[in-house]
Each structure stands twice: as C-alpha cells, then as structure tokens.
Amino acid sequence: MLKHKRLSTFKIKKIISTFCADITASRAALLLGINRNTINKYYNEFRSAIYAHQMKEFEKIIGEAEVDESYFGAKRKRGYRGKLKRGRGTIKQPVFGIFKRNGRVYTELVPNCKKATLQPIIRGKIDPSTVIYSDKWRGYDGLVDVGYDKHFRVNHGENEFAKKGTGIHINGIENFWSFTKRRLAKFNGVKKNFELHLKECEWRYGKSFAALRTDLWRIYKSYVRH
C-alpha cells in the first residue's frame, strides 16, 4: 500500500486509464512520459487492490451458477519432450471457477480437481438453493447428496455442449476461461503473481472501459486509505 502518493491525482488517473485499457507498463511509460518502474509500481498496487476487493466483495451465490475447471501454464516445460498434455491429467496449474449467471465470476487456484477438493469450495461459495450447471467430470459427483438437488450436467465427452431449449450449459464460465487465456497470452502467460492476474481477469470480465476506470479509482482510493 502507498504511504505517500508521489504522483498527482491527475497522473494517477492517467495511469489508471492505461491500466484499464490493458496497455503494458512499458508502453504506458512511453505514452505518459513516466518512468517504467513507477508505472510498474502502480500497476502492482492496482492489482493488489483489485485482489483484495474481489476477495472481500464475493457473496454466496443464489440463483443460477456454472462450475468448471481450467488449466494454465506453458505449452512446453524445460526438460520435457513434446507438448504438455491438455486438460485433466496435465501438469499445468488447475483453477476452479464459478460463474453466477448475469453476475460475477469467482476463481480459485486448487492443487487438483478431485471431488474432495472442489466440493468444499462449492459448499462454501454456493447456496444450496442455487441451480448448478456443470459437465460430467467426476469431481462434481455427489452434489445432490449434500443438498444441491438442482444440479444439471452436459456431457462434453459425447460432444454435448448444451441441451437445446433447457438452459443447461456452461457457456458462461467457458467464455470466461477463453477471455482469460487470450488476455494472459499478451503477457506471455504470466508466471509471476499469477493469482493477482487471475483476480484481475475476474474483475475485468464483462465490464466496459468506462466502468473499469470508474471502479478502479474507487477501489484504489479505498486501498490507499487502509
């Protein structure tokens, strides 16, 4: 957190604008005529503020939710021949996600995607009255037994991606994964502070530039005060 703001409010808002426009720190430094290290310092503080905000603001989901997992990491690993395996069974970092339909996303880094790992997160973040949509991964087995009696699934293994006319699909969370991977690819996958970048993607998803800029200024002011 900042103890002393070394830049004027005007300049900080300029940096917020480049951050919200997803302009890299090196490019922002050229555009704004501000030292790259200073830009990086503020960018890191923005990400820390966003992380704290996302963790604090998340409330238990009621309504409709989609759950899914995804995997992040390099396509190749030093000392490993050939391309890394995709999806389940990979050595990449697994991430579990919950998408509240017409609402926000929650993500969490997990050690694996087994039932014993995912079910406690679901029980902690999703109200039992919620309608849950998932694929057929065995990590989602048994949700009905613990009170989620409105659990509907699509079978991706049989190329079933939506049950026509029923609303049974997980397109929302899959769109978020696609958005996140495209965005992180611009930063070469982001090996450092990955969780901060992941929470930033949560925060960015579905927002306009104007909404991002207004929201970040509010979040940042609160972060500085604390």
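Residues numbered from 1 in each chain as written. Predicted model: local features only at pLDDT ≥ 70, side-chain atom pairs only at ≥ 80, totals over all residues. Heavy atoms only, no water.

**Thoughts on the overall build of the protein**
Line of reasoning, step 1. When helices and strands are counted, the protein shows seven helices and seven strands.
Line of reasoning, step 2. Per-residue burial over the protein gives 43% buried out of 226 residues.
Line of reasoning, step 3. Entry remark: accessible area of the protein is about 12900 Å², with carbon and sulfur atoms responsible for 49%. (Helix = DSSP H or I, 4+ residues; strand = E, 2+ residues; numbered from the N terminus. Buried < 20%, exposed > 50% of the residue type's maximum accessible area, 1.4 Å probe, protein only. Areas by Shrake-Rupley, 256 points an atom, 1.4 Å probe, with all protein chains shown as cover.)

**Concerning helix α1 (residues 9-20)**
Line of reasoning, step 1. Over its 12 residues, α1 runs 16 Å from end to end, which matches the ideal 16 Å to within 8%, given 1.5 Å per residue.
Line of reasoning, step 2. For α1, the full list of buried residues reads Ile 12, Ile 15, Ile 16, Ser 17, Thr 18, Phe 19 and Cys 20.
Line of reasoning, step 3. Contact partners of the buried residues in α1: α2 (25-32), α3 (36-57), α6 (194-204) and α7 (209-225).
Line of reasoning, step 4. The positive-phi residue at the C-terminal boundary of α1 is Asp 22, with phi of around 65 degrees. (Expected span 1.5 Å × (residues − 1). Contact = heavy atoms within 4.5 Å.)

**Section: the nonpolar core**
Line of reasoning, step 1. Counting 23 residues, the largest nonpolar core has Ile 15, Ile 39, Tyr 43, Phe 46, Trp 203 and Leu 216 as the members making the most contacts within it.
Line of reasoning, step 2. The contacts of Phe 46, once residues within four sequence positions are left out, are Ile 12, Ile 15, Ile 16, Phe 19, Leu 216 and Tyr 220. (Core = buried A, V, L, I, M, F, W, Y, C linked by side-chain atoms within 4.5 Å.)

**Re the pattern of salt bridges**
Line of reasoning, step 1. Using the criterion set out here, one finds 13 salt bridges in the structure.
Line of reasoning, step 2. With its nearest N and O atoms 3.9 Å apart, the salt bridge here joins Lys 41 to Glu 45. Separated by four residues within a single helix, Lys 41 and Glu 45 lie in helix α3, roughly one turn from each other.
Line of reasoning, step 3. For Lys 41, a relative accessible area of 22% translates into the label partly exposed.
Line of reasoning, step 4. Take Glu 45: its relative accessible area is 11%, and that puts it in the buried class.
Line of reasoning, step 5. The structure contains a network of salt bridges with shared partners spanning Asp 22, Arg 47, Arg 183, Lys 186, Glu 200 and Arg 204. (Salt bridge = Lys/Arg side-chain N within 4 Å of Asp/Glu carboxyl O.)

**Some details on α6**
Line of reasoning, step 1. Among the 11 residues in α6, 10 count as buried, and that is most of the element.
Line of reasoning, step 2. Along α6, the residues that are buried comprise Phe 194, Leu 196, His 197, Leu 198, Lys 199, Glu 200, Cys 201, Glu 202, Trp 203 and Arg 204.
Line of reasoning, step 3. Gly 206 sits one or two positions beyond α6 and adopts a positive phi of about 80 degrees.

**Here's the deal with the sheet that holds strand β2 (residues 93-100)**
Line of reasoning, step 1. An order of β3-β2-β1-β4-β5 is seen for the five strands of this open sheet, with the pairing classed as mixed. With one partner strand each, in any of the chains shown, β3 (105-109) and β5 (151-154) form the two edges of the open sheet. Taking the axes of each pair of neighbouring strands and ignoring which way they run, one obtains an average angle of 25 degrees across the sheet.
Line of reasoning, step 2. As defined by bridge partners, strand β1 (residues 64-72) adjoins strand β4 (residues 131-135) across three bridges and the pair is classed as parallel. Pairing of Glu 64 across the sheet is with Val 131, part of β4.
Line of reasoning, step 3. Against the sheet, helix α5 (residues 171-185) touches β1, β2 and β3, its axis set at about 35 degrees to β1.
Line of reasoning, step 4. Here α6 sits on the sheet and contacts β1, β2 and β3; the angle it forms with β3, its principal contact strand, is near 165 degrees. (Pairing = 2+ DSSP bridges. Axes fitted to C-alpha atoms, helices over the stretch in contact; angles between N-to-C directions.)

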